[in-house]
Amino acid sequence: MRTTKYILGMILTAAVLLGGCKYDDTELWDAVNGQAARIAALEQWQTTVNSNISTLQGLVSALGDNDYITGVTPFASPEPGGYTITFSKSSPITLYHGTNGTNGKDGSTPIIGVEEYPSGSGVYYWTINGEWLTADGKKMAVTGEKGADGATPKLAIGSDGYWYISANGTATGKAPGTGWVSTGVKATGDAGESGGSGSGLFSSVDNSHPDYVTFTLANGTIINLPKHRASGIRFNRPEVFIINREQVIPYISTGTWEPTHVWAIDIPTEWKISVDMSDKTITITPPVTIGPANSGGTAKILVADGDLVTAMYELTLNSVSNNLYGSTYYENGKAAGMVYIPTGDSRDGKGRIISLEESNAAWAESGYDYDQTGCDSYTNGRLNMAAMAAYIRDNNDKSWSNFPAFEWIHTMNGGTANYTPDATGLWYFPAPADLQYLFCAASGKSLQTWGWPDSDNQTDYIAPFEFDLTDFNTKLTNNEGIALSIDKAKTYRLSKEQEVPGEAGKYYYMWSISFNDGEIANTAGKKYNKNSLTRAILAF
């Protein structure tokens, strides 16, 4: 402020000398006030540019540390306004608006900048007015070893009206003084008009590109910093696992780019989880046998961009003993079934799942509808699947396509399944007892069956208790499945066949059940298709 004090002193002297004269000093006071305003503006510029020097150093450090920008947020207050820059790893930095650094009529502002040397090295050094900023004759790096911040220069307006610099930022007190070096540039000119992101350091900030933010310095240097691009995946998480049966779960990317790594950690004992990024699948394999040490737990799926983890997902790996009534069973990442008898249920001992989908495919094609296939189990649909597989295997002129409802279920098992009477983890065509057990489970009853009567007494072949499938159907639809039809006119096919004598010999009809009243019947032709449906069952 010495310049201001000097001018004020001259005015006081003039006032004494001209005390007796009439004198208009308006222009002189205007000049003084104007000069004071310019100096105040320069001192504000000094504060702003020193802050932005630190900001510039932060940008270069982030560039060297492979950091990502997560946000560029403009602000108007506090003055002079600017931007808050946030990063995925580094602390936020603030870039202030200021003057645009244009020359005043009798002074100018020094331009602090950085330049990469040598080109392509990723190493930046400080510059001032286009020249290397040096200390003890050596260029000053913006960052130190391993990305640590280097020295941060500092600018100040000296009492003599010149700009001073402390190259290593250690100078204290007012300039000129110890540690301050004159730039030879006068600071008595105009500071320039307030502008975008100037402050004599930054020319512009461009956030328009989807992949990076461009910072242009007043010396022409351009720094591009990549934006953090949200990266993650989406997949269905299984609720029911079957011993030693893989769950192959497709995933899709949810970010603006493909992750570079997806993998699993914290996998419970004897469970296996693998990720195939080319197919975008996660494969989960439970143990061959389940015991206290490997009954399940949690695992984590991590998603990363290079060495930066961008997302984490937790998987609950419940063993077959932990499923619940209404739990969703997934296959290939898609909801495929719903548990209606949990594993270990005291009424049965094995778990049961019903398919979410259904088919209207006929039990048998015309011409094959009177065949005796050996599917005669009332209580176990797995026995009937094994019988059909054997029948097709032993008769070269027969194939699964001749028995469409069986083929539909066989296809659900991949078309190559080996059926045995005690097979678990395979879909099968339900026997009468399988769907009668469903009535019981949905109604909270003990498992029981009701058979074909020897008389016309309807109470012998209609469910012997009242039931309401509303809750069961609600759970099915909540699991993205088709509700069971309770239309009296529609029945569900059963895999058991029944010998029925006729005038021309023996015939073999299919059994069916109605979800309207639990009526079970064995008089429907196998090729009957119009009002019959098929649902698959899986035991585990």
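Everything in this summary refers to the structure shown in the same document. (Residues numbered from 1 in each chain as written. Predicted model: local features only at pLDDT ≥ 70, side-chain atom pairs only at ≥ 80, totals over all residues. Heavy atoms only, no water.)

**What to know about the overall build of the chain**
Scanning the chain from terminus to terminus reveals 6 helices and 33 strands. Taking all 540 residues of the chain together, the buried fraction comes to 46%. Of the roughly 26,000 Å² that the chain leaves accessible, carbon and sulfur atoms contribute 49%. (Helix = DSSP H or I, 4+ residues; strand = E, 2+ residues; numbered from the N terminus. Buried < 20%, exposed > 50% of the residue type's maximum accessible area, 1.4 Å probe, protein only. Areas by Shrake-Rupley, 256 points an atom, 1.4 Å probe, with all protein chains shown as cover.)

**Structural notes on the side chain of serine 512**
Among the structural elements, serine 512 can be located in strand 30 (residues 505-513). Judged by its relative accessible area of 7%, serine 512 falls in the buried class. With residues near it in sequence (within four places) discarded, serine 512 still touches Thr491, Tyr492, Leu494, Glu519, Ile520 and Ala521. (Contact = heavy atoms within 4.5 Å.)

**Focus on the nonpolar core**
Core analysis: the biggest nonpolar cluster contains 68 residues, and Trp363, Met388, Phe406 and Phe472 have the highest contact counts within it. A total of 8 residues in this core trace back to one element, the largest contributor, which is helix 5 (residues 432-443). By size, the runner-up hydrophobic cluster in this structure holds 35 residues, among which are Leu59, Trp163, Phe215 and Leu217. (Core = buried A, V, L, I, M, F, W, Y, C linked by side-chain atoms within 4.5 Å.)

**Describing the sheet that holds strand 5 (residues 112-116)**
Taken together, 3 strands build an open sheet; the order of strands is 5-6-7 and the sheet is antiparallel. Each end of this open sheet is capped by a strand with a single partner; those strands are strand 5 and strand 7 (131-132). One ladder, built from 5 bridges, connects strand 5 with strand 6 (residues 124-128); its direction is antiparallel. Bridge pairing in strand 6 places valine 114 opposite tryptophan 126. (Pairing = 2+ DSSP bridges.)

**Description of the sheet that holds strand 14 (residues 202-206)**
Spatially, 3 strands are ordered 14-15-16 in an open sheet, and the strand pairing comes out antiparallel. Where the open sheet ends on each side, the last strands, each with one partner, are strand 14 and strand 16 (222-226). Direction aside, neighbouring strands of the sheet carry axes that sit 15° apart on average. When strand 15 (residues 212-217) meets strand 16, the two strands line up antiparallel, connected through 5 bridges. Looking at the pairing, threonine 214 lines up with asparagine 224 of strand 16. (Axes fitted to C-alpha atoms, helices over the stretch in contact; angles between N-to-C directions.)

**Some points on the pattern of salt bridges**
All chains considered together, the criterion is met by 11 salt bridges. Among the salt bridges present, the one from lysine 280 reaches glutamate 258, with a minimum N-O distance of 3.0 Å. One end of the pair, lysine 280, is in the loop between strand 21 (272-276) and strand 22 (281-285); the other, glutamate 258, is in the loop between strand 19 (252-253) and strand 20 (261-265), and 22 residues separate them in sequence. Between aspartate 371 and lysine 398 there is a salt bridge whose closest N-O contact spans 4.0 Å. Here aspartate 371 is found in the loop between strand 27 (352-355) and helix 3 (381-394), whereas its partner lysine 398 is found in the loop between helix 3 and helix 4 (404-412), with 27 residues between them in sequence. Residues aspartate 371 and lysine 398 agree in their burial class; the two are buried. Each of Asp371, Asp397 and Lys398 takes part in one network of salt bridges that share partners. (Salt bridge = Lys/Arg side-chain N within 4 Å of Asp/Glu carboxyl O.)

**Focus: the packing of aromatic side chains**
Within the structure shown, the criterion is met by 21 aromatic pairs. For the pair tyrosine 391 and phenylalanine 403, a centre-to-centre distance of 6.1 Å together with 75° between the ring planes defines the contact as edge-to-face. Here tyrosine 391 is found in helix 3, whereas its partner phenylalanine 403 is found in the loop between helix 3 and helix 4, with 12 residues between them in sequence. A residue is classified by how much of its surface remains accessible, and phenylalanine 403, at 0% relative accessible area, is buried. With a centroid separation of 6.0 Å and an interplanar angle of 75°, the aromatic rings of phenylalanine 439 and tryptophan 450 are classed as edge-to-face. (Phe/Tyr/Trp six-rings, centres within 6.5 Å; stacked < 30°, edge-to-face > 60°.)

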